[in-house]
Amino acid sequence: MVPDKTEIGIRRAVASDLEPLAALARKTYVDAFGRSFSASDLKAHLKKNLSDERFAEFLREDVFLIAQSPAEMIGFAQIGPAKAEDYPFGIGRDDQELRRIYVLKQRQGQGVGGALLEAALRIPASAAARRIFLDVWEENVSARRFYERRDFKLCGKRAFRTESGTATGFDLIMVRLKSAQP
Ligand SMILES: CC(C)(COP(=O)(O)OP(=O)(O)OC[C@H]1O[C@@H](n2cnc3c(N)ncnc32)[C@H](O)[C@@H]1OP(=O)(O)O)[C@@H](O)C(=O)NCCC(=O)NCCS
């Protein structure tokens, strides 16, 4: 069922969002990628990258936008300064990174991710950014297409490794240049 979009708002996260936000991230990750990795790799990834403790750090460093219906949190976008150590080429102080966009599985394909991305591109740090980077697993074909249709272009790649060190292809690096900003 396509939801009534007038009931969905996008707002900045506040400290009390921490636990539902982290829970939404873990649920969306397991739904999207849970069958792509071993149970132990999945567990290690959730603990290392999507725990409540990690989200407490993220909330201090990054901007979070939350898509919210009256009943529940539906998705979020996380954006912050690009970190030079994460990229195989030079990163400047005016480069931002779209770190995550996650939408609950049952609400995907209804425009929520697109609305979150648009809102993330409108925050002052994004509007001032020269480049906005993101990475996406090469096998995440629907997300790759989602970003390509929104002016992100492939600009590099790095090895993608699970927590146990198993090589599983590449993380693709994509960039959206200032000239593409709305
Ligand atoms: C990738 C992701 C964030 C996209 O969010 P979404 O809410 O599904 O995105 P949208 O609905 O705005 O757009 C997705 C597609 O649905 C279509 N769509 C948009 N509005 C629609 C509507 N009202 N009805 C049906 N389809 C619609 C769009 O045309 C779009 O097609 P495209 O990808 O070919 O451009 C989401 O699928 C997700 O959370 N995936 C799991 C986690 C993940 O992979 N995150 C990205 C990597 S970090």
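Below is a summary of the structure that appears in this document. As the structure is a computational prediction, the values presented were derived from the model and not from experiment.

Parameters at a glance
Residues numbered from 1 in each chain as written. Predicted model: local features only at pLDDT ≥ 70, side-chain atom pairs only at ≥ 80, totals over all residues. Near = placed C-beta within 6 Å. Helix = DSSP H or I, 4+ residues; strand = E, 2+ residues; numbered from the N terminus. Nonpolar A, V, L, I, M, F, W, Y, C, P; charged D, E, K, R; others polar. Core = buried A, V, L, I, M, F, W, Y, C linked by C-beta atoms within 7 Å. Buried ≥ 20, exposed ≤ 12 C-beta atoms within 10 Å, placed from the backbone. Contact = placed C-beta atoms within 7 Å. Axes fitted to C-alpha atoms, helices over the stretch in contact; angles between N-to-C directions. Parallel < 35°, antiparallel > 145°, perpendicular 65-115°, else oblique. Left-handed = near helix turned anticlockwise from the far one by under 90°. Pairing = 2+ DSSP bridges.

With respect to the site of the ligand
- Around the ligand, the structure places 21 residues, and the nearest of them are Q108, G111, G113, G114 and F146.
- Looking at the shell around the ligand, the elements with two or more residues in it are α1 (18–33), β4 (95–103), α4 (112–122) and α6 (141–148).
- Residues belonging to the shell around the ligand are distributed by class as follows: 9 nonpolar, 9 polar and 3 charged.

Looking at the nonpolar core
- Formed by 36 residues in total, the largest nonpolar core has its most connected members in L21, F76, A77, L116 and A120.
- Residue assignment for this core shows that the elements contributing at least two residues are α1, α3 (52–61), β2 (63–68), β3 (73–81), β4, α4, β5 (131–137) and β7 (167–177).
- No other element matches the 5 residues that α4 contributes to this core.
- Sequence-distant contacts of L116, defined by excluding residues within four places in its chain, comprise I10, L65, A67, G75, F76, A77 and I101.

A look at the packing of α1 against α3
- Interhelical geometry of α1 versus α3 gives an angle of 115 degrees and a closest axis separation of 9 Å. Viewed along their axes, α1 and α3 adopt a mutual orientation that is roughly perpendicular. Remark: the crossing between α1 and α3 carries right-handed chirality. Of the residues in α3, those touching α1 at L18, E19, L21 and A22 are D52, F55, A56 and L59.

Overview of the pairing of β2
- In this structure, strand β1 (residues 9–12) lies alongside β2, joined through 4 bridges in antiparallel fashion. When the bridges of β2 are listed, G9 appears paired with Q68.
- Summarising the sheet, β2 and β3 pair through 6 bridges and their orientation is antiparallel. Residue pairing for β3: Q68 is matched across the bridge by M73.
- Hairpin connection from β2 to β3: 4 residues lie between these consecutive antiparallel strands.

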